[in-house]
Amino acid sequence: MSSTDRNAGLLSPYRVLDLTDELGFLCGKILGDLGADVIKIEPPGGDLARRLGPFYKNQPDPEKSLYWFGFNNNKRGITLNLESANGRELFSRLVAKADFIIETFTPGYLDTLGLGYDALSRINPRVILTSITPFGQTGPYCKFKASDIEIMALSGCMSLTGDPGRPPLRVTFPQSYVWTGSYAAMGALMAHHHREQTGEGQQVDVSAQACLLWAFSHAHVFWDLNRHVEKRAGSFMTGRSITGAKMRVFWPCKDGYLNFIIYGGEAGRRTNQALVQWMDSKGMAPEFLKQKDWKTFDIAQVTQEEIDRMEEPIVQFFAGITKAEFFKEVVKREMLGYPVASVKEIFADPQHEARGFWQKIEHPELKTSIDYPGGFAKFSDGACQIWRRAPLIGEHNEEIYSEMGISKEEVTQLKKEGIV
Amino acid sequence: MKALSGIKIVEFAAFAAGPAVGKHFADHGATVVHIESRVRPDGFRAHYPPYKDNIHGLNRSGLFSLCNNDKLDITLNLKKAPAATALAKKIAAWADVVIENFSPGTMARLGIDYEALKQVKPDLIMLSTSNLGQSGPHAHHAGFGSQLSSLAGFTHLTGYPGGSPQILYGPYIDYIAVAYGATAILAALDYRRRTGKGNYIDTAQYETGLQYLAPILLDYKVNGTIASRDANRDPRAAPHGAYPCKGDDNWCVLSVHSESEWKRLCDVMGNPTWSADQKFATHATRKKNEDELDRKIGEWTSGFAPREVMEKLQAAGIGAGVVNTMKDIYTDPQLAQRPQWVELEHPEIGKMHYQRPPFLLTKTPPGPSKRDPLLAEHNDYFYKELLGLSDAEYRRLVEEQVIY
């Protein structure tokens, strides 16, 4: 099924120059998944993000970063020093034949190199420059320093995560970079659509803070409509009932936690009913739950007292089952709910195997192959997948510079001068 | 001119996962038709707070507003086969793109799956977005993003070490799939322009979510490591966390990623005696004594408002920020400058802040420019003007409660 010919991808005619750090890695990878020819341009010596763990066999090494492997596959790699005049000259030649440029520099930096949007569009008026930054190209924060935790804080996400009275939380594995990279890919392709209709290129100004507004996006509407501020509520769900009742989301089970919520609506009623039947089959459903008329049960009107009374026997029931049992039963009984899975259980889920999701990618430099999460979509006509592993430092210098008509000798000379 | 003017999209979709894809197209000028019925209005309208003033009403839903600005809203009662099926096909034939997020198998049962629609529109692009995908042993299992975020590993990674997982507010993973779904449609539109071929796109929200976790999936496969929640800790930075500030439940964050940043932080704090302690002299020792370090930093931040901490530290080139609340994001100076919100008047809600895209196309500025539609608001206009039904046909379909 998997192929190494990216011409099977929908975007195979296009070339992308990728000047991003971790804030933008996923943008180029997504275009690459769709078949585009993505060239990752690193400074001589390699990108700093190659120092991000985890690492292959836990060996910190710029050629063994699993963070790099995960988000820079489907890219070829060259090294190029943009701060030297010759380096900029080479870059300009690449720009002339590129369809997209993606970058994550502090606003204004490319201008100081003479490579801002105006200069790039003079070289190639059709080019789409996708500029990805924590806060956007203009505004009071535009030059602020921000890593994942600052983005998660300023977008409001952290105010919604954690126990009341304890510090607000981010997700332990950084999320803001990948949110931003994927929304940037959408923006780049919208500008591409316009370019294909009109011939006009443009700059796409992506704000990570604004991307993350979507991540937890339902919550802010409570303020806008009703001047109610949704806050972190630990492992409980709020906002479903107009009485202010909160529903438990995480339930300890035999080997971890389950995600189960007493919902309303048609699916909720079916779930509640199925759970009571399941509990009853083990003699664990109290009479009042069995008698409950789910057809008239209205989650929007339910009180905390009623919720607490319902949750008590469910706590006892779930304490006696495993995550795997729960998963099997919710699928069988068509109930809402899932186990709280770790990466281990994700690999064990037969759904991925059946859909051919995992893709074995060769790493000849490590004399091994590794299972990767594969394409993000299935197309009836065209493939979306990993075509190649992430590049080693400068791996494609000769290949790409020779495509540009630069001889081996010249490349050697450029290397000596510290340009590539 | 907007970037996507001229594209025609039809949504057999409800809640967030399908309609939010359509919203991004509508923001950029595409004509997007949201299909519902009076028998089964969009779930956001029907039973999902918030409603304006906490009073339920089909045209009072904040989440419907969030996901449906700049769209046309029509009703079509798909239970009235075969007339409704024929009409649905006619609508699909008019469109470039169909978006659906029913549970897998539903479109086929209704006689309007891709195979059927391709007969009337050979180059149709159709996106099916679902929980677990259209194939595989669990395909039929329906669910909400607020729970799928657990199956896909995200809540296991959120919380204090040793404690319960914590929720990610709302259907977190739905909006991941939205970015991928919209991107997939845009790629398919480009492919159609060049080859004349349509496409059927199957996205599983589950699989799109796992894209975001690739490095830790590899870490398990290669090293056997199971990544888990560790509050706000980060192996590469210390201090790194959220700290209390002046006022009630006010917080800031800050992070120190190098020795020179640590020195600058000490300077900003006025080099208190404790900061010179050997315990905090290097990254390694700060990590070792991080609980104590966090307490000390928290004592310092407690004397300031979150904004003061952010401004002092940013001026010194150290990453720091306000933990904005859901109220703050409407007045945050950076978001206000962009501007991130567009205030429009809605007949039943009143003033509503609609959300602009997180990426701005500088030469083709996006909307929102129109409020979200009322249920069935554009039946007349769409069916007669755009689809070309005659007055008589339209009246008959209304009487038969096909258009209902």
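Residues numbered from 1 in each chain as written. Chains lettered and ligands numbered in written order. Predicted model: local features only at pLDDT ≥ 70, side-chain atom pairs only at ≥ 80, totals over all residues.

Scanning chain B from N- to C-terminus turns up 17 helices and twelve strands. Across its three principal directions, the C-alpha atoms of chain B cover 85 × 50 × 40 Å. Within chain B, the fraction of its 404 residues that count as buried is 57%. Residue pairs at least 24 apart in sequence account for 67% of intrachain contacts in chain B once pairs closer than 6 positions are excluded. (Helix = DSSP H or I, 4+ residues; strand = E, 2+ residues; numbered from the N terminus. Buried ≥ 20, exposed ≤ 12 C-beta atoms within 10 Å, placed from the backbone. Contact = placed C-beta atoms within 7 Å.)

Looking now at the overall build of chain A. Of regular secondary structure, chain A possesses 17 helices and 14 strands. Projected onto its principal axes, the C-alpha coordinates of chain A cover approximately 85 × 50 × 40 Å. Split into buried and exposed, the 420 residues of chain A put 55% on the buried side. Considering only contacts in chain A between residues 6 or more positions apart, those separated by 24 or more positions represent 68%.

Attention now goes to the pairing of strand E2 (residues 37-42) of chain A. Residue and element names in this part refer to chain A. In terms of burial, E2 is largely enclosed, as six of its six residues are buried. Here E2 shows two buried faces, one formed by Asp-37, Ile-39 and Ile-41 and the other by Val-38, Lys-40 and Glu-42. Across four bridges, the pairing between strand E1 (residues 15-19) and E2 is parallel. For Arg-15, the partnering residue across the bridge sits in E2 and is Asp-37. The β-α-β motif built from E1, the intervening helix H1 (residues 25-33) and the parallel element E2 has right-handed crossover chirality. One ladder, built from five bridges, connects E2 with strand E3 (residues 75-79); its direction is parallel. Each residue of the ladder has a partner; that of Ile-41, found in E3, is Ile-78. (Pairing = 2+ DSSP bridges. Right-handed = clockwise from strand over helix to strand, strands pointing away.)

A few words on the interface of chain B and chain A. Chain B puts 129 residues into the contact, and the matching count from chain A is 125 residues. By residue number, the principal contributor to the side of chain B that touches chain A is helix H8 (residues 172-195) of chain B, which donates 14 residues. For the side of chain B that touches chain A, a count of residues per class yields 63 nonpolar, 50 polar and 16 charged. (Nonpolar A, V, L, I, M, F, W, Y, C, P; charged D, E, K, R; others polar.)

Here we take up the confidence of the model for chain B. Residues of chain B with pLDDT of at least 70 account for 100%, and the chain-wide mean is 97. Predicted as a complex, the structure gets a pTM of 0.97 and an ipTM equal to 0.98. (pLDDT = per-residue confidence, 0-100.)

The subject of this paragraph is the pairing of strand E11 (residues 350-355) of chain B. Sheet topology places strand E10 (residues 341-346) of chain B next to E11 of chain B; six bridges connect them, and they run antiparallel. Within E11 of chain B, the residue paired with Glu-343 of chain B across the bridge is His-353 of chain B.

Attention shifts here to the sheet that holds strand E6 (residues 202-207) of chain A. Ordered by their spatial adjacency, seven strands build an open sheet running E3(A)-E2(A)-E1(A)-E4(A)-E5(A)-E6(A)-E12(B), and the pairing between neighbours is mixed. At either end of the open sheet lies a strand with only one pairing partner, and these are E3 of chain A together with strand E12 (359-361) of chain B. Between one strand axis and the next, the sheet turns through 20° on average, direction left out of account. The sheet contacts of helix H7 (residues 176-198) of chain A involve strand E4 (100-103), strand E5 (128-133) and E6 of chain A together with E12 of chain B, and relative to E5 of chain A the element is tilted by about 160°. (Axes fitted to C-alpha atoms, helices over the stretch in contact; angles between N-to-C directions.)

Right, let's talk about the sheet that holds strand E5 (residues 125-130) of chain B for a bit. Strand order in the open sheet formed by seven strands is E14(A)-E6(B)-E5(B)-E4(B)-E1(B)-E2(B)-E3(B), and the pairing between neighbours is mixed. The two strands at the open ends of the sheet, each matched to only one other strand, are strand E14 (378-379) of chain A together with strand E3 (71-75) of chain B. Relative to strand E6 (residues 199-204) of chain B, E14 of chain A is paired through two bridges, and the arrangement is antiparallel. Across the sheet, the residue bridging to Phe-379 of chain A is Ile-201 of chain B, located in E6 of chain B. Each of strand E2 (31-36) and E3 of chain B is contacted by helix H16 (residues 379-386) of chain B, which is oriented at about 90° to E3 of chain B, the strand it contacts most.

A separate point is the domain arrangement of chain B. Split by domain assignment, chain B resolves into domain 1 (8-212 + 338-399) and domain 2 (240-328). Placing a centre on the C-alpha atoms of domain 1 of chain B and another on those of domain 2 of chain B gives a separation of 43 Å. (Domains from an automatic or database assignment.)

Once that is clear, we can look at the packing of H1 of chain A against H7 of chain A. All names here are of chain A. Where H1 meets H7, the axes come as close as 7 Å, and the angle between the chain directions of the two elements is 50°. With respect to their mutual orientation, H1 and H7 come out oblique. Where H1 crosses over H7, the handedness of that crossing is right-handed. Between H1 and H7, the contacting residues are Phe-25, Leu-26, Cys-27, Ile-30 and Leu-31 on the first element and Val-178, Gly-181, Ser-182, Ala-184, Ala-185 and Ala-188 on the second. The class makeup of the residues in the contact of H1 with H7 is nine nonpolar, two polar and no charged. (Parallel < 35°, antiparallel > 145°, perpendicular 65-115°, else oblique. Left-handed = near helix turned anticlockwise from the far one by under 90°.)

Put simply, H7 of chain A and H8 of chain B touch, their axes get as near as 9 Å, and they point 25° apart. Judged by the inter-axis angle, H7 of chain A sits roughly parallel to H8 of chain B. Where H7 of chain A crosses over H8 of chain B, the two elements pack in a sense that is left-handed. Across the interface between the two elements, Ser-182, Tyr-183, Ala-185, Met-186, Leu-189, Met-190, His-192, His-193 and Glu-196 of chain A of H7 of chain A pack against Ala-179, Tyr-180, Ala-182, Thr-183, Leu-186, Ala-187, Leu-189, Asp-190 and Arg-193 of chain B of H8 of chain B. Of the residues in the contact of H7 of chain A with H8 of chain B, the class split is eleven nonpolar, four polar and three charged.

Let's shift gears to unusual backbone geometry. Across the junction of Pro-49 of chain B and Pro-50 of chain B, the peptide omega takes the value 10°, indicating a cis bond. By the element assignment, Pro-50 of chain B lies in the loop between helix H2 (43-47) and helix H3 (62-68). Cis rather than trans, the peptide bond between Ala-238 of chain B and Pro-239 of chain B has omega equal to -5°. Secondary-structure assignment places Pro-239 of chain B in the loop between helix H10 (214-223) and strand E7 (240-244). The backbone phi angle of Asn-58 of chain A is positive, close to 55°, even though this residue is not glycine. A positive phi angle, close to 45°, is found at Asn-271 of chain B, a residue other than glycine. Its place among the elements puts Asn-271 of chain B in the loop between helix H11 (259-268) and helix H12 (283-288). Accessibility expressed as a C-beta count within 10 Å gives 12 for Asn-271 of chain B, which makes it exposed.

Let us look at the environment of Glu-63 of chain A. Residue and element names in this part refer to chain A. With respect to the element layout, Glu-63 can be found in the loop between E2 and helix H2 (66-72). For the pair Glu-63 and Leu-336, spaced 273 residues apart in sequence, the C-alpha to C-alpha distance is 43 Å. If sequence neighbours within four positions are ignored, Glu-63 has contacts with Leu-392 and Ile-393.

Here we take up helix H10 (residues 265-281) of chain A. Residue and element names in this part refer to chain A. An ideal rise of 1.5 Å per residue puts 24 Å on 17 residues; H10 measures up with 24 Å between its terminal C-alpha atoms. Buried residues of H10: Gly-268, Thr-271, Asn-272, Leu-275 and Val-276, and no others. Each buried residue of H10 lies within a common arc of 130° when the element is viewed along its axis, so the set occupies one face. Facing away from the buried side of H10 by more than 90 degrees, the exposed set consists of Glu-266 and Ser-281. Of the surrounding secondary structure, the elements contacted by the buried residues of H10 are helix H11 (287-291). (Expected span 1.5 Å × (residues − 1). Arc of directions from axis to C-beta.)

Attention now moves to the environment of Arg-371 of chain B. Residue and element names in this part refer to chain B. By the element assignment, Arg-371 lies in the loop between E12 and H16. Classification of Arg-371 by C-beta neighbours within 10 Å gives partly exposed; the count is 18. C-alpha separation for the pair Arg-371 and Leu-124, spaced 247 residues apart in sequence, amounts to 28 Å. Setting aside its immediate chain neighbours within four residues, Arg-371 contacts Asn-69, Leu-344, Glu-345, His-346 and Met-352.

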